[in-house]
Amino acid sequence: MKVAIHSLGCKVNSYETASMTELLENNGYEIVPFSEENPADIYIINTCSVTNIADRKSRQMLHRAKKMNPAAIVIAAGCYVQEEGEDALKDDAVDIILGNNRKINICEVIDNYIKDNKLNCDCVDLSHEKSYENLLISKYNEQTRAYIKIQDGCNQFCSYCIIPYTRGRIRSREMEDIMLEAMRLVKSGFKEIVLTGIHLSSYGMDNGKGSLLQVIKDLSGIDGIERIRLGSIEPRIVTEEFARELSAIPKLCPHFHLSLQSGCDSVLKSMNRKYTTDEYYESVMLLRKYFDNPAITTDVIVGFPGESDEEHEITKAFLKKTAFYEMHIFKYSRRKGTVADKMPDQIPDSIKTRRSNELLILEKEMSDNYRKMHLGREMPVLFEEESDIDGKRYLTGFTMNYIRAAVDILYTDGDAADEINADVANELNADSTDNKTDAKVRKGNDLRGKIRRVRFLEYKNGILYGKIVD
Ligand code: F3S
């Protein structure tokens, strides 16, 4: 049978989609693209419910699937279902619902439905769930970077967020399973591991077994892993000891996504975030003390209910002072069932847009500054793919501190291919002029998934351009 899967929402959801895909493939299902041209027998929408808009998009995708093939079985999985419960089945487009922590049952649920189509719901209350759902992956569509989910659930209850309700309480994956998965991924050729979870910083706090730091240390001992990158962490985890110990792990990428949300203490308080801007700033300074110019990235919400122009200005000043490398700016978006949804003084969209635009300008300025600091420097780049930039072919990848880098060692078109410089020609090992272009193509492909030192010579539109030096 043909199955098409579509994933919405966050990296954790994508991980779970990849894992369900693998389970289905191993059970003989044929995975087909989610497209009108190739109707499937079964559609799975791994939904997101983070805002009212995300809910709407999830419903739209379910309807789109049913429209693609009205005879197909449509499965609504994940966060939207977790919040809606059996009500989701009232929707004509939905045949089966599969909640969080139950995705591991995907094949069983389909089998049962086909045998007896009354069995169409596998969704349980997660508010007291203690077990981690041990979904796993051994391959990924990307070629060089693999995500490993190590944790689920959240106990924070930020006032704008529904996730503690859709994902339940914190649950950590067994250390042994994380290591086994990392080893499998290394075997499949992955060099970079990105640790992900709903609230990564709370790893180990539910069962007292290990900590995020311990996971990183143990992973760094696995041969073949060249880089370990962290997903979003919260500022309170960054103590002097944490920063010092991390800095002693050469494989750890100096790239820290510290979720901020607002740079104003009164707004943080009404968001129920549990740190102040001073504490946040201290964490950033600790990371800067122990790492050489680390990439500090963050998320910011503008237009939170009640946020005044003055509070917005305070946030802006804090962002400037902190000098982030990248910021994801979100306009506050309501989610029914959250505390913030019921707050007075909801901000009109026009004001949110103005504030967001201001921060986007600041973001670009700070990002450019950070990237330009690397001109003239040499850094290792993990090459990922060939890209077309301004009509020329490049090999592109990322530095450890997550700057996109491009090297024009590949073929371009026609004569331009001959303009390759001597260093690169050596690199290419091409011994005949006639087959030079082919050799370049081959060599470019060869370098995918490899790490090379690159000297950065030029900066344009978010990319550092350079040449391979060894
Ligand atoms: Fe969305 Fe659920 Fe992730 S609500 S953002 S898919 S945890």
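Parameters at a glance
- Residues numbered from 1 in each chain as written.
- Predicted model: local features only at pLDDT ≥ 70, side-chain atom pairs only at ≥ 80, totals over all residues.
- Helix = DSSP H or I, 4+ residues; strand = E, 2+ residues; numbered from the N terminus.
- Rg over C-alpha atoms; globule rule 2.2 N^0.38 Å.
- Buried ≥ 20, exposed ≤ 12 C-beta atoms within 10 Å, placed from the backbone.
- Contact = placed C-beta atoms within 7 Å.
- Near = placed C-beta within 6 Å.
- Nonpolar A, V, L, I, M, F, W, Y, C, P; charged D, E, K, R; others polar.
- Domains from an automatic or database assignment.
- Pairing = 2+ DSSP bridges.
- Axes fitted to C-alpha atoms, helices over the stretch in contact; angles between N-to-C directions.
- Core = buried A, V, L, I, M, F, W, Y, C linked by C-beta atoms within 7 Å.

For the rest of this paragraph, the subject is the overall build of the protein. The helix and strand tally for the protein stands at 14 helices and 18 strands. Its C-alpha atoms give the protein a radius of gyration of 24 Å, within 12% of the compact-globule value 23 Å for 470 residues. Considering only C-alpha atoms, the protein reaches an extent of 70 × 55 × 45 Å along its principal axes. Within the protein, the fraction of its 470 residues that count as buried is 43%. When contacts within the protein are restricted to residue pairs at least 6 apart in sequence, those whose partners lie at least 24 apart make up 72%.

Here we come to the site of the ligand. The environment of the ligand is made up of 13 residues, and the closest members are Gly 9, Cys 10, Cys 48, Val 50 and Cys 79. Of all the secondary-structure elements, those providing two or more residues to the shell around the ligand are helix H1 (11-26) and helix H5 (163-167). Per element, the largest residue contribution to the shell around the ligand is three residues, and it comes from H5. When its residues are assigned to classes, the shell around the ligand shows seven nonpolar, five polar and one charged. Two domains share the shell around the ligand, each providing at least three of its residues, namely domain 1 (2-124) and domain 2 (145-372).

In a beta sheet, neighbouring strands pair by backbone hydrogen bonds and run either parallel or antiparallel. The strand order across the open sheet formed by six strands is E2-E1-E3-E4-E5-E6, and the pairing between neighbours is parallel. Edge positions in the open sheet fall to strand E2 (30-31) and strand E6 (121-122), since each of these has one partner strand only. Sheet topology places strand E1 (residues 2-7) next to E2; two bridges connect them, and they run parallel. Bridge pairing in E2 places Lys 2 opposite Glu 30. H1 rests against E1, E2, strand E3 (42-47) and strand E4 (73-78) of the sheet, and its axis sits at about 170° to E1.

Of the strand pairs in this sheet, strand E15 (residues 392-399) and strand E16 (residues 404-407) are connected by four bridges, and their pairing is antiparallel. What sits directly across from Phe 398, in E16, is Arg 404. Here E16 pairs with strand E18 (residues 463-468) via three bridges, running parallel. Opposite Val 407, over in E18, you have Gly 466 as the bridge partner.

This brings us to the domain arrangement of the protein. One can read the domain layout of the protein as domain 1 (2-124), domain 2 (145-372) and domain 3 (378-468). On a C-alpha basis, the centroid separation for the pair domain 1 and domain 2 is 28 Å. Contact with domain 1, which involves 13 residues of that partner, is made by 16 residues of domain 2. Secondary-structure elements contributing two or more residues to the side of domain 1 that touches domain 2 are H1, helix H2 (52-68) and helix H3 (79-84). Partitioned by chemical class, the residues of the side of domain 1 that touches domain 2 number five nonpolar, six polar and two charged.

In terms of nonpolar packing, the biggest core is built from 95 residues, with Tyr 43, Ile 75, Ala 76 and Ile 193 touching the most fellow members. In terms of domain composition, this core takes at least three residues from each of domain 1 (2-124) and domain 2 (145-372). Setting aside residues no more than four positions away along its own chain, Ala 76 makes contact with Ile 45, Thr 47, Leu 62, Val 81, Ala 88, Val 94 and Ile 97. Ranked by size, the runner-up nonpolar core spans 15 residues in total, among them Phe 383, Leu 395, Phe 398 and Ile 409.

Mapping Cys 123 onto the fold places it in the loop between E6 and strand E7 (145-152). Judged by C-beta crowding, with 22 C-beta atoms within 10 Å, Cys 123 ranks as buried. The sequence separation of Cys 123 and Gln 82 amounts to 41 residues, and the corresponding C-alpha distance is 6.8 Å. Beyond its immediate stretch of four places on either side in the chain, Cys 123 contacts Val 81, Gln 82, Gly 85, Ile 97, Leu 98, Gly 99 and Arg 102.

Below, the discussion takes up the pairing of E7. In terms of residue burial, E7 counts as a mostly covered element, since seven of its eight residues are buried. Relative to strand E9 (residues 192-197), E7 runs parallel, the two being bridged by six bridges. What sits directly across from Arg 145, in E9, is Glu 192. Both E7 and strand E8 (residues 171-172) contribute to a ladder of two bridges, which runs antiparallel. Paired with Asp 152 across the two strands is Arg 171, which belongs to E8.

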